[in-house]
Amino acid sequence: MILRGRLARLSGIVPAAVVIAGIGVTFQLGGIRVNASSSLPIGLYRTTSDKSARLIGFCPMEPFASMSASRGYRKKGNCQDGAEPLMKPVVAAEGDTVEISSEGVSVNGTPLPNSTARPFDTKNRPLTHWPFGKYRVGTGTVWVISSFNIHSFDSRYFGPVPIASIRCYLRPLLTE
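Predicted model only: the values in this text are computed from it and were never measured.

I'd like a description of the state of the cysteines, backed by residues and values.
Summed over all chains, the structure comprises one disulfide. Two residues share a disulfide in this structure: Cys59 and Cys79, whose sulfurs sit 2.0 Å from each other. Where Cys59 bonds to Cys79 through sulfur, the torsion about that S-S bond is close to -85°, and the disulfide is left-handed. Highlighted residues: Cys59 in the loop between strand E4 (55-58) and helix H2 (64-70) and Cys79 in the loop between H2 and strand E5 (86-92), separated in sequence by 20 residues.

Shown next, in the form of C-alpha cells:
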C-alpha cells in the first residue's frame, strides 16, 4: 500500500518535473532539485549537508564548462559560465584508483557499466576522452561517472572534479 501511494505521487510529480526542466527552467525550491537529464534517474532530489552523499551538483572547470554549455549539455543556470551545475554520481574519492581504458572506467579494479568513452556526442560532434591510464584520486577531488547513460558528459571526458566546485550534495527524493 505504501509503495502504491509513492508510485502514484511519483507518476504525477515526475512528469511535472520533466515539463518544468524541459522548458528550460531550473527548478530548485526549498532544497529540492529536479533532474530531467538522463545522467541520473528522472525525478526530484533533495540537497543535503551530508558530504557522504554519493550524488553531487557541481560546476565543471574550464574549458569543459564552456564546451558543455555551448553544446547544450547544460541549460542556463548559476555557474560562473552562466549554465546550470551538472548532477552526477560520485564513483571515486581520495585514495581510490581510477583506470580509464578503451574498454571503460574501473574504480579499484571494478569495471563501471556504460563507462566507455565515446568519440562523438549524440549530434556527431567530436569528444576527447581523458587520457587512458591509472590515476590515484588526490586530496580535494572526486571522480563522477554516470552508468545510467552511455552518453553522459562526466569524468571520462574531464577527469577529476575539484571538491571546491561542488555546489550541493544530493539524495533521491522521488525518482522513476
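Go over the packing of aromatic side chains with me, naming the residues and quoting the values.
Here the structure, examined in full by the defined rule, presents six aromatic pairs. Taking 5.3 Å as the distance between ring centres and 65° as the angle between the ring planes, the aromatic pair formed by Phe153 and Phe158 counts as edge-to-face. Like Phe153, the residue Phe158 is buried in the burial classification.

Any chance you could break down unusual backbone geometry for me, citing the residues and the numbers?
Cis rather than trans, the peptide bond between Glu62 and Pro63 has omega equal to 5°. In this structure, Pro63 sits in the loop between E4 and H2. Even without being a glycine, Asn108 presents a positive backbone phi close to 50°. Within the secondary structure, Asn108 sits in the loop between strand E7 (104-107) and strand E8 (110-111). Backbone geometry places Asn124, a non-glycine residue, at a positive phi of 65°. Note that Asn124 resides in the loop between E8 and strand E9 (133-136). Residue Asn124 is classed as exposed on the basis of its relative accessible area, which comes to 58%.

Help me get a handle on the side chain of Asp96, residues and values and all.
In this fold, Asp96 is placed in the loop between E5 and strand E6 (97-101). One buried charge, Asp96, has no salt-bridge partner; the nearest side chain with opposite charge is Arg54, at 5.4 Å. Polar side-chain contacts of Asp96 include one of 2.9 Å to the backbone nitrogen of Ala93. The residues contacting Asp96, other than those within four sequence positions of it, are Val91, Val107, Asn108, Tyr135, Arg136 and Val137.

Quick rundown of the environment of Ala83? Include the residues and the values.
Position of Ala83 among the secondary structure elements: in the loop between H2 and E5. Linking Ala83 and Cys59, residues 24 residues apart in sequence, is a C-alpha distance of 8.4 Å. For Ala83, the contacting residues outside a window of four places in its chain are Ala69, Arg74, Lys75, Lys76, Gly77 and Asn78.

How each quantity is defined
- Residues numbered from 1 in each chain as written.
- Predicted model: local features only at pLDDT ≥ 70, side-chain atom pairs only at ≥ 80, totals over all residues.
- Heavy atoms only, no water.
- Disulfide = S-S within 2.5 Å.
- Helix = DSSP H or I, 4+ residues; strand = E, 2+ residues; numbered from the N terminus.
- Phe/Tyr/Trp six-rings, centres within 6.5 Å; stacked < 30°, edge-to-face > 60°.
- Buried < 20%, exposed > 50% of the residue type's maximum accessible area, 1.4 Å probe, protein only.
- Lys, Arg positive; Asp, Glu negative; His and termini not counted.
- Salt bridge = Lys/Arg side-chain N within 4 Å of Asp/Glu carboxyl O.
- Polar contact = N/O pair within 3.5 Å; in protein donor to acceptor, adjacent residues only side chain to side chain.
- Contact = heavy atoms within 4.5 Å.

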